[in-house]
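Given next are the chains, with one letter for each unit.
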Amino acid sequence: MAKLAEQLERKAFSAAIDVALRRINKDREKGLLEIVDLTEKFMGDNFTKEAYEGARAMIKNPDHKWMRYVNRLLDETDPHVAKMTALNLGYQAAFYGTKTIRKMREVHDCNIPWLILMDPTSACNLHCTGCWAAEYGHKLNLTFEELDSIVTQGKELGIYFYMMTGGEPLVRKADVIKLCEKHNDVAFHCYTNGTLVDQAFCDEMKRVGNLSLSISLEGFEDTNDFRRGDGVYAKVLHAMDLLHENGLLFGNSVCYTRKNMDAVTSDEFFDLLIEHGSRFAWYFHLMPVGMEASPELMPTKEQREYIYHRIREVRGREGGKEIYVMDFQNDGEFVGGCIAGGRNYCHINPKGDVEPCVFIHYSGANIREKSLLECLKQPLFMAYRDNQPFNDNMLRPCPMLENPEILQRMVHETGAKSTDMQQPETVEHLCGKCEHYAEEWKGTADRLWAAHPYRQRGYTNFKKK
């Protein structure tokens, strides 16, 4: 009965989206206001009353920066892709999934993530300097049946958003599309180097409608091609143009380091992304993971303070740029700190190890040996839940980068083992590379946080008293 009720509700939401999208084509303002009404009806207190009213006020102001962004997005996105995004990411993941996940957290007394990041393969078509995938090659893969099983089990727990990385996930593009077809009620997203995107793949993305991409870009041509190989930068821009011309949703993934900080935060770089159709950009702090990592490339405390302010400037309500940017490390205040360990996400590597985070290569459970739920109940994940948030200062959210003593303690107490692809790395070795950084950043972070008005945003995970 519960499943039937969910199917009927999805159909009702789908029909309402169809009406709203048709209305948007005739009367943009009225159609968008109807979508806000629809969202409030289904999502309720998932968002504040102020958020709904703010959206309505923005829609009524055609000169608003984000209204221009929305209008461009609607004008340029394929109608089927727009519909599937609203249905799967909006209704299925954000509404039905969130509601189910919260219930399942109470039923099973453990963290249940909102999204799962998984690696279909360790293989990659490039040989980037310093990347383990170039050496490990095609040796590790999750089979289609294993990927299918992860999604099937996850949906039972309310998880309807799945990201894929690698290696290069589009080495397995046929299986990725097959997964999108079989689970057409799920939103999928791939982190990719972009070089395997062609017109045939764009046609497949439009057909299924439930796959979006983040394309890695670390600066301009010289920087990218020095590390990734001659001609890769041009291929990436060509892929972005193809996706844009086909009305597909994509953004960029940007790792910021001591060396490329100025380039990837420049007006010219953001303008480049916008010009080639990018809708969003994820910014990731370089993490010194692995025995051959280069901690000297980690940003200085001055650089991190700069990007903290710069990202907020770029996505501000006024000024900035018409692209939505997120900083995985510096936006902890919006999600209550670290989201790993199943709190809002976890990572499954191509060996099947279920890890707290793509940057934390320790685990005590493998998807080939245990069910997804059993993996989420592994001691390391329970330790994450018991210790989150790892710091009351949301600018120091990570148990490795800013609180290295906590990760060491959790790994030792739970008996988790290294899952590093190249060679095992002790937690002391990993965290030792972060200790000086953590101490240096603490003073700056505490000063910024003390001047920052904070209130709890969003949902705090369930814990039994």
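Summarised in this report is the structure supplied together with it. (Residues numbered from 1 in each chain as written. Predicted model: local features only at pLDDT ≥ 70, side-chain atom pairs only at ≥ 80, totals over all residues. Heavy atoms only, no water.)

Right, let's talk about the nonpolar core for a bit. Membership of the largest hydrophobic core comes to 133 residues, with the highest contact counts inside it found for Leu 211, Tyr 283 and Leu 407. Residue contributions to this core peak at nine residues, all from helix H5 (residues 79-108). Ignoring sequence-local partners within four residues, the contact set of Tyr 283 consists of Val 254, Tyr 256, Val 264, Phe 269, Phe 270, Ile 307, Ile 311, Val 325, Met 326, Asp 327 and Phe 328. (Core = buried A, V, L, I, M, F, W, Y, C linked by side-chain atoms within 4.5 Å. Buried < 20%, exposed > 50% of the residue type's maximum accessible area, 1.4 Å probe, protein only. Helix = DSSP H or I, 4+ residues; strand = E, 2+ residues; numbered from the N terminus. Contact = heavy atoms within 4.5 Å.)

Remark on secondary structure: sheet strands pair via backbone hydrogen bonds, oriented parallel or antiparallel. Across the sheet, nine strands lie side by side as S7-S6-S5-S4-S3-S2-S1-S8-S9; this open sheet has mixed pairing. In the strand order of this sheet, the two ends are held by strand S7 (324-327) and strand S9 (354-355), each with one partner. Inspection of the sheet shows strand S2 (residues 161-164) paired to strand S3 (residues 187-192) by four bridges, in the parallel sense. Considered in S3, the bridge of Tyr 162 is made with Phe 188. (Pairing = 2+ DSSP bridges.)

Along the polypeptide, Arg 385 turns up in helix H16 (residues 379-387). Take Arg 385: its relative accessible area is 6%, and that puts it in the buried class. Engagement of the side chain of Arg 385 in a polar contact is seen with the side chain of Asp 109, the distance being 3.0 Å. (Polar contact = N/O pair within 3.5 Å; in protein donor to acceptor, adjacent residues only side chain to side chain.)

Another aspect to go through is the packing of aromatic side chains. Using the criterion set out here, one finds 20 aromatic pairs in the structure. Aromatic side chains Tyr 91 and Tyr 96 sit 6.5 Å apart centroid to centroid with 25° between the ring planes, which places their arrangement in the stacked category. The class for Tyr 91 is buried, based on a relative accessible area of 0%. Relative accessible area serves as the criterion here: at 15%, Tyr 96 is assigned to the buried category. Lys 178 extends its terminal NZ or CZ atom over the ring of Phe 144, reaching a point 4.3 Å from the ring centre. (Phe/Tyr/Trp six-rings, centres within 6.5 Å; stacked < 30°, edge-to-face > 60°. Lys NZ or Arg CZ within 6 Å of the ring centre and 35° of its normal.)

Let us look at the pattern of salt bridges. Per the counting criterion, the structure on display carries 32 salt bridges. Two residues, Asp 109 and Arg 385, come together in a salt bridge whose shortest N-O distance is 3.0 Å. Highlighted residues: Asp 109 in the loop between H5 and strand S1 (115-118) and Arg 385 in helix H16, separated in sequence by 276 residues. Using a relative accessible area of 24% as the deciding quantity, one classes Asp 109 as partly exposed. Between Glu 402 and Arg 304 there is a salt bridge whose closest N-O contact spans 2.7 Å. Of this pair, Glu 402 sits in the loop between H16 and helix H17 (404-414) while Arg 304 is found in helix H14 (residues 301-314), placing the two residues 98 residues apart along the sequence. When its relative accessible area of 2% is taken as the criterion, Glu 402 is described as buried. Judged by relative accessible area, which is 0%, Arg 304 ranks as buried. Through salt bridges with shared partners, a single ionic network connects Asp 37, Glu 40, Lys 49, Glu 53 and Arg 56. (Salt bridge = Lys/Arg side-chain N within 4 Å of Asp/Glu carboxyl O.)

A few words on the pairing of strand S5 (residues 250-256). Summarising burial for S5: six of the seven residues are buried, a large majority. Of the strand pairs in this sheet, strand S4 (residues 211-216) and S5 are connected by four bridges, and their pairing is parallel. Looking at S5, one finds that Ser 214 is bridged to Gly 251. For S5 and strand S6 (residues 280-285), the ladder comprises five bridges, and the chain directions are parallel. Paired with Tyr 256 across the two strands is His 285, which belongs to S6.

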